[in-house]
Amino acid sequence: MSDPVDLSMNETPYPPLPSVRRLVEQGAGQLNRYPDHASKALVGTIATHLDVPPEHVLVGPGSAGLCQHVLAGLDRTRGEVLHAALSFEAYPLLIANAGARPVPVPMDGFRHDLAAIADAVTADTRAVLLCNPNNPTGAVLHRAEVETFLDRIPPDVVVVIDEAYREFVTDPDVPDGIDLYRGRDNVCVLRTFSKAYGLATLRVGYAVAGARVGAASRMAGMVFFPGGLGQAAAVASLAADATAELATRLADLAAERRWLAQALTGYGLPVAPSEANFLWLPLGDAATGFAQRLGEAGVLVRPYPGHGVRITVGDRPANERLLAAVRETTVSPVP
């Protein structure tokens, strides 16, 4: 049997951009040198790219690692962090590691229930986490509803908008978190080079936040991180030629996402609308068995017991292997 196809980790199916790969290969000769502990070139490049002050940019070990740094740097006299009940599975651990208590708020279908989250804010709320697009359901929040939500949140409660999958969005009504951060010093935006940019191994992410949140987060960060190759690769990823090539890849993946969703629907499976690089199948109690049968057929997907299955959009050969495995798999779809 051939090696299994792994569609469980939300990795991009594309290799590193050629210009970035060449840079990393050339940098291998400098592995004995410490990286710039302040990541000046990377911070400056991100600040220019987004038109934000450099002091508002914080870099670190992917968006997940930065999420923990941000939460750890906030007011520790407050013990609660709110998040959607079915969102990034690492949130409860990151929150606990930051010395707080996770408070899951029930979803509105596949989406965050922003009204319910706002209602759940108390004097003990340290922060609120919004994942847009949401992992694992792929659902998005739109501009007007997010702005209304932010207007309801007290200014001393930080809203962390996790945009790890931002680059895959095609819906024009999904807000750019950087626009939401401007003029709001309680908004922090997280992004990563691990997904669309294909640098998952190098673990580079960044946060954009006002001075109040950024200064506190830096005190909770890691020294000499990201590494030198990660910093250089991230800088190269934002160069004009790399950005143009990335745009082509993103368009190709969006087309593949639509094709795969239609194919899965054609087999009678429920597929939620997605603006990320993965699809959500709300299979309920059938999720675990479905994922197990696909695994036995050589295709790895991510089950969420009792809820559904998340399937990363791969390249065409990987997606065709998935569909071949689905043809051999029976399941009772959940409406």
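Here we summarise the structure given alongside this text. Every value quoted in this text rests on a predicted model; they were computed, and no experiment measured them.

### A short note on the side chain of Asn-135
- Counting through the fold element by element, Asn-135 comes out in the loop between β5 (125-131) and α6 (143-152).
- Of the residues examined, Asn-135 reaches a relative accessible area of 4% and is grouped as buried.
- Looking at Asn-135, its side chain comes within polar contact range of the side chain of Arg-310, at 2.9 Å.
- Excluding residues that lie within four positions of it along the chain, Asn-135 makes contacts with Asn-10, Leu-86, Ser-87, Phe-88, Tyr-165, Phe-278, Tyr-304 and Arg-310.

### Remarks on the sheet that holds strand β8 (residues 205-209)
- Reading across the sheet, the 7 strands line up as β2-β8-β7-β6-β5-β3-β4 and stay open at both edges, with mixed pairing between neighbours. Of all the strands in the sheet, the pair left with one neighbour each is β2 (57-60) and β4 (101-105). Between one strand axis and the next, the sheet turns through 20 degrees on average, direction left out of account.
- Across 4 bridges, the pairing between β2 and β8 is antiparallel. Considered in β8, the bridge of Leu-58 is made with Ala-207.
- Helix-sheet contacts for helix α2 (residues 40-50) involve β2, β7 (187-192) and β8, and the interaxial angle to β2 is about 130 degrees.
- Across the sheet, helix α3 (residues 62-73) touches β2, β3 (80-84), β5, β6 (158-162), β7 and β8, and the angle it forms with β7 is around 155 degrees.

### Thoughts on the sheet that holds strand β12 (residues 308-312)
- If you trace the 3 strands from one edge of the open sheet to the other, you get β9-β12-β11, paired in antiparallel fashion. The open sheet has two edge strands with one neighbour each: β9 (278-281) and β11 (302-304). Strand-to-strand, the axes of this sheet are offset by a mean angle of 20 degrees, without reference to chain direction.
- Alignment of β11 against β12, held across 3 bridges, turns out to be antiparallel. Across the sheet, residue Tyr-304 finds its bridge partner in β12, namely Gly-308.
- Those strands touched by helix α10 (residues 240-266) are β9 and β12, and its axis lies near 20 degrees from that of β9.

### Topic: the environment of Glu-89
- Examined against the element boundaries, Glu-89 turns out to sit in the loop between β3 and α4 (91-97).
- Taking the C-alpha atoms as reference points, Glu-89 and Thr-77, 12 residues apart in sequence, are found 25 Å from one another.
- Apart from residues no more than four positions distant in its own chain, Glu-89 is found in contact with Arg-302, Tyr-304 and Arg-310.
- Here the side chain of Glu-89 touches Tyr-304 through a polar contact of 3.3 Å, side chain to side chain.

### With respect to the pattern of salt bridges
- Going through the model one piece at a time under the given rule, you end up with 17 salt bridges.
- Across the salt bridge formed by Arg-111 and Glu-145, the nearest N and O atoms sit 2.3 Å from each other. With a gap of 34 residues between them, Arg-111 in the loop between β4 and α5 (114-120) and Glu-145 in helix α6 connect regions that are remote in the sequence.
- Take Arg-111: its relative accessible area is 25%, and that puts it in the partly exposed class.
- The salt bridge partner of Glu-256 is Arg-316, with a shortest N-O separation of 2.7 Å. Residue Glu-256 is located in helix α10, and its partner Arg-316 is located in helix α12 (residues 316-327); the two are separated by 60 residues in the primary sequence.
- You can call Arg-316 partly exposed: its relative accessible area is 34%.

Parameters and conventions
- Residues numbered from 1 in each chain as written.
- Predicted model: local features only at pLDDT ≥ 70, side-chain atom pairs only at ≥ 80, totals over all residues.
- Heavy atoms only, no water.
- Helix = DSSP H or I, 4+ residues; strand = E, 2+ residues; numbered from the N terminus.
- Buried < 20%, exposed > 50% of the residue type's maximum accessible area, 1.4 Å probe, protein only.
- Polar contact = N/O pair within 3.5 Å; in protein donor to acceptor, adjacent residues only side chain to side chain.
- Contact = heavy atoms within 4.5 Å.
- Pairing = 2+ DSSP bridges.
- Axes fitted to C-alpha atoms, helices over the stretch in contact; angles between N-to-C directions.
- Salt bridge = Lys/Arg side-chain N within 4 Å of Asp/Glu carboxyl O.

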